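Here is how the chains run, residue by residue.
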Amino acid sequence: MDILLAITVGGLYAAGIYMMLRRSVVKLLIGLGLLSHGANLLIFTAGGIVRGRVPVIPAGESQPLTAIADPLPQALILTAIVISFAVLAFALVLIYRTHQTLGTDDLDQLKATDT
Amino acid sequence: MNTQVAVILPIAIPLASMAISLLAWKSVAAQKVIGVVSSSLLLLSAAVLMWLVNREDILVLQVGSWPAPFGITLVADRLSSIMVMLAGLVMFAVSIYSLVTIDDRRVDYGFFPLIQLLLMGVCGAFLTGDLFNLYVWFEVMLIASFVLLTLGGERGQLEGAIKYVALNLMSSAAFLAAIGVIYAATGTLNMADLAVKLRSFPDEGIVSVLAMLFLIAFGTKAAVFPLFFWLPASYHTPPVAVSAIFAGLLTKVGVYSLIRAFTLLFITDLQFTHNLLLLIAGLTMVTGVLGAMAQSEIRRILSFHIVSQIGYMLMGLALFTPLALAGSVFYIIHHIVVKTNLFLIGGVAERRFGSGRLAAVGGLHQSMPLLATLFFLSAMSLAGVPPLSGFFAKLTLIRGGLEAESYAIVVAALVVSLLTLFSMTKIWAEAFWKPAPPNEASITVGSGSQFRRIALFGPVVALVAITVGIGLLAGPVITLSTATAEQLLDPDAYIEAVLPDRHVTESEPIPRDSVFDRTPAMHHASAVNRHSALDEYQQ
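Residues numbered from 1 in each chain as written. Chains lettered and ligands numbered in written order. Predicted model: local features only at pLDDT ≥ 70, side-chain atom pairs only at ≥ 80, totals over all residues.

Caption draft 1: Structural view of the overall build of chain B. Within chain B, the secondary structure is distributed over 23 helices and 2 strands. For chain B, whose C-alpha radius of gyration is 23 Å, the value lies close to the compact-globule estimate of 24 Å for 539 residues. Looking at chain B as a whole, 61% of its 539 residues are labelled buried. (Helix = DSSP H or I, 4+ residues; strand = E, 2+ residues; numbered from the N terminus. Rg over C-alpha atoms; globule rule 2.2 N^0.38 Å. Buried ≥ 20, exposed ≤ 12 C-beta atoms within 10 Å, placed from the backbone.)

Caption draft 2: Fine view of the overall build of chain A. Broken down by element type, chain A carries 3 helices and 0 strands. Sequence-ordered secondary structure for chain A, helices as α and strands as β, is α-α-α. Scaling as 2.2 N^0.38, a compact globule of 115 residues should have a C-alpha radius of gyration of about 13 Å, whereas chain A reaches 20 Å, well beyond that. The principal-axis extents of the C-alpha atoms in chain A amount to approximately 65 × 25 × 25 Å. Looking at chain A as a whole, 33% of its 115 residues qualify as buried. Pairs at least 24 residues apart make up 54% of the contacts formed inside chain A by residues separated by at least 6 positions. (Contact = placed C-beta atoms within 7 Å.)

Caption draft 3: Representation of the interface of chain B and chain A in the model. Counting residues at the interface gives 45 residues for chain B, matched by 40 residues for chain A. Of all the elements in the fold, those that place two or more residues in the side of chain B that touches chain A are α6 (131-150), α7 (155-186), α10 (230-234) and α23 (520-538) of chain B. Top element by residues in the side of chain B that touches chain A is α7 of chain B. It accounts for 19 residues. Residue composition of the side of chain B that touches chain A, grouped by class: 25 nonpolar, 14 polar and 6 charged. (Nonpolar A, V, L, I, M, F, W, Y, C, P; charged D, E, K, R; others polar.)

Caption draft 4: Looking closely at the packing of helix α13 (residues 298-319) of chain B against helix α18 (residues 407-433) of chain B. Residues and elements named next belong to chain B. Contact geometry for α13 and α18: axes closest at 11 Å, N-to-C directions at 160 degrees. One way to sum up the angle between α13 and α18 is to call them roughly antiparallel. As for how α13 packs across α18, the hand of that crossing is left-handed. Mapping the contact onto sequence places I298, I301, H305, S308, Y312 and M315 in α13 and I409, A413, V416, T420, S423, I427 and A431 in α18. Class assignment for the residues of the contact of α13 with α18 results in 9 nonpolar, 4 polar and no charged. (Axes fitted to C-alpha atoms, helices over the stretch in contact; angles between N-to-C directions. Parallel < 35°, antiparallel > 145°, perpendicular 65-115°, else oblique. Left-handed = near helix turned anticlockwise from the far one by under 90°.)

Caption draft 5: Looking closely at the environment of A12 of chain B. Residues and elements named next belong to chain B. Here A12 shows up in helix α1 (residues 5-23). Judged by the 16 C-beta atoms lying within 10 Å of it, A12 falls in the partly exposed class. Along the backbone, A12 and M120 are 108 residues apart, and their C-alpha atoms lie at a distance of 7.6 Å.

Caption draft 6: Fine view of helix α2 (residues 28-56) of chain B. Compared with an ideal rise of 1.5 Å per residue, which puts 29 residues at 42 Å, α2 of chain B spans 41 Å between its outermost C-alpha atoms and is within 8% of the ideal. Just past α2 of chain B, the residue D57 of chain B takes up positive phi, approximately 70 degrees. (Expected span 1.5 Å × (residues − 1).)

Caption draft 7: Quick look at unusual backbone geometry. Residue and element names in this part refer to chain B. The omega torsion across F225 and P226 is -5 degrees, close enough to zero to call that bond cis. Structurally, P226 can be placed in the loop between α9 (204-222) and α10. In this structure, A223 takes a positive phi of about 60 degrees despite not being glycine. On the secondary structure map, A223 appears in the loop between α9 and α10.

Caption draft 8: Layout of helix α17 (residues 389-403) of chain B. Residues and elements named next belong to chain B. Taking 1.5 Å of rise per residue, the 15 residues of α17 would be expected to cover 21 Å, and the 21 Å separating its terminal C-alpha atoms lies within 8% of that figure. Of all the residues in α17, the buried ones are S389, G390, F392, A393, K394, T396, L397, I398, G400 and G401. At its buried positions, α17 is contacted by α13, α14 (322-353), α16 (369-383), α18, α19 (450-472) and α20 (474-488). Where α17 ends, the next residue or the one after it, E405, has phi of about 60 degrees, a positive value.

Caption draft 9: Representation of the packing of α2 of chain B against helix α5 (residues 111-127) of chain B within the structure. Residues and elements named next belong to chain B. Packing of α2 against α5 leaves a shortest axis separation of 9 Å and a crossing angle of 20 degrees. Comparing their axes, α5 and α2 come out roughly parallel. For the pair α2 and α5, the sense of crossing is left-handed. In this structure, α2 uses Q31, K32, G35, S38 and L42 to contact α5, whose residues at the interface are F112, Q116 and L119.

Caption draft 10: Representation of the confidence of the model for chain B. Residues with a pLDDT of 70 or more make up 91% of chain B, whose mean pLDDT is 86. The complex prediction reports pTM at 0.91, with the ipTM value standing at 0.93. (pLDDT = per-residue confidence, 0-100.)

Caption draft 11: A look at the pairing of strand β2 (residues 73-76) of chain B. Residue and element names in this part refer to chain B. Where burial is concerned, the two faces of β2 agree: the one with T73 and V75 and the one with L74 and A76 are both buried. Pairing analysis gives 4 bridges linking strand β1 (residues 59-62) to β2, with the strands arranged antiparallel. By the bridge assignment, Q62 is partnered in β2 with T73. (Pairing = 2+ DSSP bridges.)

Caption draft 12: Summary view of the nonpolar core. Among the nonpolar cores identified, the biggest contains 230 residues, and A87, I179 and L314 of chain B are the most heavily contacted of them. When residues in this core are grouped by element, the largest group, 20 residues, is from α7 of chain B. (Core = buried A, V, L, I, M, F, W, Y, C linked by C-beta atoms within 7 Å.)

Caption draft 13: Geometry of the environment of G121 of chain B. Residues and elements named next belong to chain B. Note that G121 resides in helix α5. Residue classification places G121 among the buried residues on the basis of 24 C-beta atoms within 10 Å. Along the backbone, G121 and T482 are 361 residues apart, and their C-alpha atoms lie at a distance of 27 Å.

Caption draft 14: Local environment of the environment of V411 of chain B. For V411 of chain B, the position within the fold is in helix α18. The spacing of V411 of chain B and I398 of chain B is 13 residues in sequence and 9.0 Å in space, taken between C-alpha atoms.

So this is what it looks like as structure tokens:
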């Protein structure tokens, strides 16, 4: 399972970076989305995967009896997902406005403010 | 009242004032009043925090009384308190300057609540003692800066924003990945706890990988070579008040994080990490200043100088001696004040001529002698002419470099400072000495009511006074910087302050519940450890 997830993370990163290197702004955004999914999945994988063991301590015990899933990475991912959702929503509006104002989605045309 | 409360005030004040401003959405006047009041309160709370830290060295607030490393820890050491103080200062200056320079449309769309949100993110990043919390503050700051950058929706703003957003989001993804890997390797995200665990971490390769991931993540925010391209593409596009607050604070959050990471966490392999930092510092200085020389618009020149000066701040960190690090701290203090001010002055010139292109401006030494004097002082300070603040900052850094016998970086620093002088002279000659361009319908700035003049020039005069003051009273500032550097080079004090109960971490071997070598039993052991430690606390 770890291997499978690791390959998925690698695939997401590769696809994300490939998309970001395209000229279209829309693809840039898709690439960013894939990149943040890759990072989230990386935390999930790196945090350790345990099947079907919820992190609940039985009544009367003071510590878990068996190996349990670590809940912290999942809390981190949840936070990260919320943040990346908000940021991507903003970025979508941004590229829409840019397209409206400048009439292009080609990054090579968006160089007036560069040096 | 508990002194620890002072640590959270610089976060709580902007948050509260943002909320109140949002309630007063319809009333521009109310938002302006709230903005000024809250930034004065922020400045006050920062001063109190600095005073307390000066007395007690390190203030720690365990949020919700969860003991570190389980809860979120807020830590104010000397560096944090200096940074918060500077943030308060910049915020105060900019919030007064923006009273008259931000147009009504931008105010209607929430300019004032947004700068409060930005400041909350900045102060949070300076004060947190937890890596994931640092990520969250970065994002708070980023989302506010995204909106501030694009507010108004002009062509240039949108174009610059695409690069700014894309590259900053990439660095956030790198930061997030680094957090994932560091948690997998050590089982903690509390910085003090991490410092303990990384010190005895068996696999040096993984620590180096982590150091590089954080270097990329923080380096992009700090705009170091070769990750700085978002900065000169975007910083000259928004209104001047926004540019000034970005220029003063945002990259410095990256620099602060780099200093924190490379004085506290990654200090086991100095040969590798800090030599790399030194190389980056040199290249950042040189490329930044060369970029600036090629520009012919006031704010674009100043933007490239930000990049160049980030190099100086990293130089002290990379040399890693008390003197050099003190130089870095001094440089940050000097840079934030002067750079914000130069943007504000450039903004006044831009308002007058409706453009920041050097070809379109001129004759300011005759028409606005006060502005010319203020610019001259700031620009000379930036270039490092004695007796202004920049001179002492650079002197300390260069003495640090000579002491460490890194002559290449010293030569680079001196040459770059000469080139800085050159490009400041360029702005001076073009904008101030050259006769005003003919048939240019120049708008008179600062005329009209007395209030407008004060709001426009007051912050600039105050910041110039601080620059001159730092230069004339360099002794106390050097003492403060040296104390800060010594504190940074002694991570044990930081760890001791955050984790007074070291037995939790010391008795426990490094939990290896990671992908690097994981067996279910080990994972279990570490989870149990965490639970039993929590349990112990609760009883």
